[in-house]
Amino acid sequence: MLEPWRKGVVTKIVEESAATRRFWIQVPEVDSFDFKPGQFVTLDLPIHEKKNKRWRSYSIASPPDGTNVIELVIVLLEGGAGTTYIFNEIKEGSELLLRGPQGVFILPPAIERDVFLICTGTGVAPYRSMLLHLKQHPAGHKKIYLVFGTRLLKDCLYYHELKEQEKDIDDYFYLPTFYREQSEDVRKGYVHAVYEEIVLREKRPAYFYLCGWKNMIDEAKERILALGYDRKDIHLELYG
């Protein structure tokens, strides 16, 4: 059953880069906005007469913490009606219509295999929620690899936070990779080479979570299947 539409109030906005912003949204009619890490909310934006053409969905980047405030991280898409409206019209104090939580892009209750969290850009949002929850509620799990691909180091969302969590979460490995970065101090290239190297070295059962743009997800699915894994080992959340 779908959750009802509710009013959300934007309480804080932080500009992460010229094209990316973090939005904190309070849902006043509930004391606690309860969700599972990895789920998303849908915004109903006044950008079209038809309802389904007004809806835009964004993964929740914050963990469930018993409050009625969630965080979304949104990138401005060139020519995108939804993000253009959000970036030009939404201010602190603005009201939004939202529905959620929704989605089944969540970790299993018992993590009995290695987990690869593979993403590009703002696709890191659901993984940040998952990792913060694991940090606050430790549970037994195998190795967790966050493979995060983006162009430049300055584009890497939550970089220092996600790196620091290696100290707090057992068997968690943060593996960002950059395909246009000039610095010699970071890993270069695309996400596929990173997880393939680990899989070929470790040769262990694993789950693969994919979140990002269609091209990355399509290529990752082909490569993971070619490595000998099954389609049921792959979970995905498509952006765009």
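Located above this text is the structure these notes cover.
Residues numbered from 1 in each chain as written. Predicted model: local features only at pLDDT ≥ 70, side-chain atom pairs only at ≥ 80, totals over all residues. Heavy atoms only, no water.

**Side note on the overall build of the protein chain**
Within the protein chain, the secondary structure is distributed over 5 helices and 11 strands. Computed over the C-alpha atoms, the radius of gyration of the protein chain is 18 Å, within 12% of the 18 Å expected from 2.2 N^0.38 for a compact globule of 240 residues. If you line up the protein chain on its principal axes, its C-alpha atoms span 50 × 40 × 35 Å. Expressed as a percentage of the 240 residues in the protein chain, the buried residues total 49%. Restricting the contact set of the protein chain to residue pairs at least 6 apart, pairs at least 24 apart contribute 70%. (Helix = DSSP H or I, 4+ residues; strand = E, 2+ residues; numbered from the N terminus. Rg over C-alpha atoms; globule rule 2.2 N^0.38 Å. Buried < 20%, exposed > 50% of the residue type's maximum accessible area, 1.4 Å probe, protein only. Contact = heavy atoms within 4.5 Å.)

**What to know about the side chain of Glu-237**
Relative to the helices and strands, Glu-237 resides in strand E11 (residues 234-239). Lys-221 provides the closest opposite charge to the buried, salt-bridge-free Glu-237, at an N-O distance of 12 Å. (Lys, Arg positive; Asp, Glu negative; His and termini not counted. Salt bridge = Lys/Arg side-chain N within 4 Å of Asp/Glu carboxyl O.)

**With respect to the environment of Val-75**
Checked against the element boundaries, Val-75 lands in strand E5 (residues 69-75). A residue is classified by how much of its surface remains accessible, and Val-75, at 24% relative accessible area, is partly exposed. Between the alpha carbons of Val-75 and Ala-18 there is a distance of 9.1 Å; along the sequence they are 57 residues apart. When near neighbours in sequence (up to four residues on either side) are disregarded, Val-75 contacts Ala-19, Thr-20, Thr-83, Phe-87 and Thr-122.

**Topic: the pairing of strand E9 (residues 172-178)**
With respect to burial, E9 is a largely interior element, 6 of its 7 residues being buried. At this point the chain moves from strand E8 (residues 144-150), through helix H3 (residues 159-164), to the parallel E9, and the crossover so formed is right-handed. (Right-handed = clockwise from strand over helix to strand, strands pointing away.)

**Some points on unusual backbone geometry**
At the junction of Gly-100 and Pro-101, the peptide bond is cis and its omega measures out at 5° in the coordinates. Its place among the elements puts Pro-101 in strand E6 (residues 95-102). Here the phi dihedral of Tyr-158 falls at roughly 55°; this positive angle occurs in a residue that is not glycine. Accessibility expressed as a relative area gives 6% for Tyr-158, which makes it buried. Residues other than glycine seldom take positive phi values, yet Asp-171 does so here, at roughly 55°. Within the element layout of this structure, Asp-171 appears in the loop between H3 and E9.

**Here's the deal with the packing of aromatic side chains**
Counted by the stated rule, this structure contains 12 aromatic pairs. Ring centres of Tyr-145 and Phe-173 lie 5.3 Å apart, and the angle between their planes is 20°; on these two criteria the pair is classed as stacked. Here Tyr-145, found in strand E8, pairs with Phe-173, found in strand E9; they are 28 residues apart in sequence, far enough to count as distant. For Phe-173, a relative accessible area of 31% gives the class partly exposed. Each ring, one from Phe-208 and one from Tyr-229, has its centre 4.8 Å from the other, and the planes form 70°; the classification is edge-to-face. Of this pair, Phe-208 sits in strand E10 (residues 206-213) while Tyr-229 sits in the loop between helix H5 (214-226) and E11, placing them 21 residues apart in sequence. (Phe/Tyr/Trp six-rings, centres within 6.5 Å; stacked < 30°, edge-to-face > 60°.)

**Re the sheet that holds E8**
Here we have 5 strands laid out as an open sheet, ordered E9-E8-E7-E10-E11, and parallel in their pairing. Each edge of the sheet is formed by a strand with only one pairing partner; in this case those strands are E9 and E11. Neighbour-to-neighbour, the strand axes of this sheet turn through a mean angle of 10°, independent of strand direction. By the bridge criterion, 6 bridges tie E10 to E11 in an arrangement that is parallel. Across the sheet, residue Tyr-209 finds its bridge partner in E11, namely His-235. The strands that H5 touches are strand E7 (114-120), E10 and E11; relative to E10, the one it contacts most, it runs at about 160°. (Pairing = 2+ DSSP bridges. Axes fitted to C-alpha atoms, helices over the stretch in contact; angles between N-to-C directions.)

**Some points on the sheet that holds strand E3 (residues 40-44)**
Sheets are built from strands that pair by backbone hydrogen bonding, the pairs being arranged parallel or antiparallel. Pairing in this open sheet of 6 strands is antiparallel, and the strands run E4-E3-E6-E1-E2-E5 from one edge to the other. Pairing within the sheet leaves two strands with one partner each, and these edge strands are strand E4 (55-59) and E5. Averaged over neighbouring strand pairs, the angle between their axes works out to 40° when direction is ignored. Sheet contacts for helix H1 (residues 81-89): strand E2 (20-26), E3, E4 and E5; angle to E5, the most-contacted strand, approximately 115°.

**Quick word on H5**
Under the 1.5 Å per step criterion, the end-to-end length of H5 is 18 Å for 13 residues, consistent within 8% with the ideal 18 Å. Considered for burial, the residues of H5 that qualify are Met-216, Ile-217, Ala-220 and Ile-224. For H5, the arc enclosing every buried residue in end-on projection is 90°, short of the 170-degree limit, so these residues lie on one face. In H5, the exposed residues that point more than 90 degrees away from the buried face are Asn-215, Glu-222 and Ala-226. Gly-228 lies just past H5 and shows a positive phi near 105°. (Expected span 1.5 Å × (residues − 1). Arc of directions from axis to C-beta.)

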